[in-house]
Amino acid sequence: MSRKPSFANLRDRTPPAPIAAPVAAVASSHAGQNPVGQAPTAQSQNGQGTGGQGATTGPASRQGRKQIAGFFSPEMSFAMHTLARRQGRSLQALMAEAFNDVLRKHGESPIGD
């Protein structure tokens, strides 16, 4: 029986060469926005990853949308994914419904999708 691979084995590998970014995009990036030791990605340079209004690249389904994320217990994740699968809906559709319910509960108008 073989052993599971270990992430320690990756230590000896050389990291891939960074992709060169356009000079204007690098000059406009802010120093404190990227994790330590990582170069800005093309996604964060053009505003796509940060929800910027000038973003014009990326999937059409994400145009004009902004990501909302959170950290939940594995049980919550499993329950939501199971419910979505059982109903034949996406997890995003269930989350939109939940957010609209919270807005209604607090007297706000639901937004929709």
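This is a predicted model, so every value here is computed, not measured. (Residues numbered from 1 in each chain as written. Predicted model: local features only at pLDDT ≥ 70, side-chain atom pairs only at ≥ 80, totals over all residues. Heavy atoms only, no water.)

(A) Just the overall build of the protein chain, in detail. Each helix and strand counted, the protein chain has four helices and zero strands in total. Listing every helix and strand of the protein chain by position from the N terminus yields α-α-α-α. By the burial criterion, 8% of the 113 residues in the protein chain qualify as buried. Pairs at least 24 apart in sequence give 12% of the contacts found in the protein chain among residues at least 6 apart. Here the protein chain displays about 10300 Å² of accessible surface, and carbon together with sulfur accounts for 58% of that area. (Helix = DSSP H or I, 4+ residues; strand = E, 2+ residues; numbered from the N terminus. Buried < 20%, exposed > 50% of the residue type's maximum accessible area, 1.4 Å probe, protein only. Contact = heavy atoms within 4.5 Å. Areas by Shrake-Rupley, 256 points an atom, 1.4 Å probe, with all protein chains shown as cover.)

(B) Examining the pattern of salt bridges more closely. With the rule as written, the count across this model stands at two salt bridges. A salt bridge links Arg-89 to Glu-97; the shortest N-O distance between them is 2.9 Å. The partly exposed category is assigned to Glu-97, whose relative accessible area is 36%. Ionic pairing is found between Arg-104 and Asp-101, a salt bridge with its closest N-O pair at 2.9 Å. Residue Arg-104 and its partner Asp-101 are located together in helix H4 (residues 91–105), separated by three residues, close to a single helical turn. Of the residues examined, Arg-104 reaches a relative accessible area of 48% and is grouped as partly exposed. (Salt bridge = Lys/Arg side-chain N within 4 Å of Asp/Glu carboxyl O.)

(C) Inspection of the confidence of the model for the protein chain at higher detail. Of the residues in the protein chain, 54% have a pLDDT of 70 or more, and the chain-wide mean is 74. Averaged pLDDT values for the elements of the protein chain fall to 46 in helix H2 (residues 42–45) and rise to 97 in helix H3 (residues 74–87). Taken together, the stretch residues 28–34 has pLDDT below 50 and engages in three contacts with residues farther than four places along the chain or on a different chain. Note on residues 42–49: pLDDT is under 50 here. Beyond four places in sequence and across chains, it has 17 contacts. (pLDDT = per-residue confidence, 0-100.)

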